[in-house]
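Descriptive structure summary
Spelled out from the first residue to the last, the chains are:
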Amino acid sequence: MKKFFLLFFLVCASIFSFSQNVTVGIGAKPLMVSVAKNNIEGSPYFNQAYADCKIKTITQKELTVKALRYNIETQQLEYTENNNVYAIQASVQSFTAPDSLGNPHHFTKMKIDNAVGFYEVAVHGNIMLLKQYVVKKDVVEDWYTKKKITELVKHINYFTGKNGTIQKLTPSTKNIANALANKKEEVLAFIKNEQLEPKQDQDLVKIFEYYNSLN
């Protein structure tokens with residue numbers, strides 16, 4: 001009888017621990033099953049592989065959830081259980097997840113242009129550089145079969161942030177000079193001397209890091 005109660009206690013403890021990790025939300029509401037994609041090429045995920053992620057809720061509770069991934073298209077965090085895919089509830093304030101190379105990325109939920117989603121602060125400072133990962137559907141035609149295929153293509157939208165004001169940024173030398181106007185000459189000289197291409201993500205980050213080092 002003692003063995004039975006010990007086994008029962010261990011099973012309950014493991015179930016409670018698992019639910020604490022993945023049931024994120026007020027009142028522990030049931031999790032939602034995500035929408036499966038059919039006949040569409042490409043992936044809607046920031047990282048196709050599941051990985052351990054750190055989460056902070058709107059109540060400032062911090063959790064580490066195993067086997068999680070970020071669905072860019074639905075703006076949800078997903079995990080699997082018994083071959084089903086579920087989405088963690090919408091009370092996540094921020095989370096940290098690795099990319100396909102294992103590099104950590106920190107995302108925070110923001111409301112920009114009346115749309116709520118997760119944004120990454122790529123560069124901190126007087127003027128921040130924010131990145132929004134989005135997925136767009138493109139229709140392409142196979143050159144041999146002439147069959148049209150719908151595929152998901154990842155894109156990055158950029159924004160600047162200063163004193164709580166968020167503005168969209170289309171990367172170009174002219175637009176960057178306007179956004180960083182108080183250090184315009186230094187920034188333009190840096191772009192020219194370093195032979196940077198603002199449309200390249202890494203170069204854009206370097207430009208904003210340089211600008212914020214001047215302040």
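Whatever comes next refers back to the structure up there.
One structure accompanies this document, and this report is about it. Because the structure is predicted, anything quoted here is derived from the model rather than measured.

**Notes on helix 4 (residues 201–213)**
Because an α-helix completes one turn every 3.6 residues, residues spaced three or four positions apart along the sequence face the same direction. Counted at 1.5 Å a residue, the expected span for helix 4 with its 13 residues is 18 Å, and the 19 Å between its end C-alpha atoms agrees. Restricting attention to buried positions, one finds in helix 4 the residues Asp-203, Leu-204, Val-205, Ile-207, Phe-208, Tyr-211 and Asn-212.

**Remarks on the environment of Gln-76**
Along the chain, Gln-76 falls in strand 4 (residues 76–81). Overall, Gln-76 belongs to the partly exposed group, its relative accessible area being 21%. As for Gln-76 and Phe-118, which are separated by 42 residues in sequence, their C-alpha atoms are 9.0 Å apart.

**Quick word on the pairing of strand 10 (residues 148–162)**
Note: strand 9 (residues 128–141) against strand 10, 14 bridges, orientation antiparallel. If you follow Val-140 over to strand 10, its bridge partner there is Ile-149. As consecutive antiparallel partners, strand 9 and strand 10 are separated by 6 residues, and within that stretch Lys-146 has a phi angle of approximately 65 degrees, a positive value. Sheet topology note: the strand 10/strand 11 (residues 165–169) ladder contains 5 bridges and is antiparallel. Counterpart to Lys-162 in the pairing with strand 11 is Thr-165. Counting the residues that bridge the hairpin from strand 10 to strand 11 gives 2 residues, and of these Asn-163 lies at a positive phi of roughly 50 degrees.

**A word on the pattern of salt bridges**
Taken as a whole and assessed by the stated rule, the structure comprises 3 salt bridges. For Asp-52, the salt bridge identified is with Lys-66, shortest N-O distance 3.7 Å. Of the two residues, Asp-52 is situated in strand 2 (residues 51–57) and Lys-66 in strand 3 (residues 62–71); the sequence distance between them amounts to 14 residues. Residue classification places Lys-66 among the exposed positions, given a relative accessible area of 59%. One salt bridge in this structure joins Glu-62 and Lys-56, with 3.6 Å as the shortest N-O distance. In this structure Lys-56 comes out as partly exposed when scored by relative accessible area, which is 25%.

Thresholds, definitions, all that
Each chain carries its own residue numbering, running from 1 in the written order of its sequence. Side-chain atom pairs in this predicted model are given and counted only at pLDDT of 80 or more, local residue features only at pLDDT of at least 70, and totals for whole chains, interfaces and linings cover all residues. To obtain the side-chain values, all non-hydrogen atoms of the structure were included, while hydrogens and water were left out. Each helix corresponds to a stretch of at least 4 residues labelled H or I by DSSP, and each strand to a stretch of at least 2 residues labelled E; elements are numbered beginning at the N terminus. In this analysis, the expected span of each helix is defined as 1.5 Å times one less than the number of residues it contains. Think of it in three bands: with a 1.4 Å probe and only protein chains considered, a residue is buried below 20% of the maximum accessible area for its type, exposed above 50%, and partly exposed in between. Strands are treated as partners if at least two bridges between them are detected by DSSP. We count a salt bridge whenever a side-chain nitrogen from Lys or Arg sits within 4 Å of a carboxyl oxygen from Asp or Glu.

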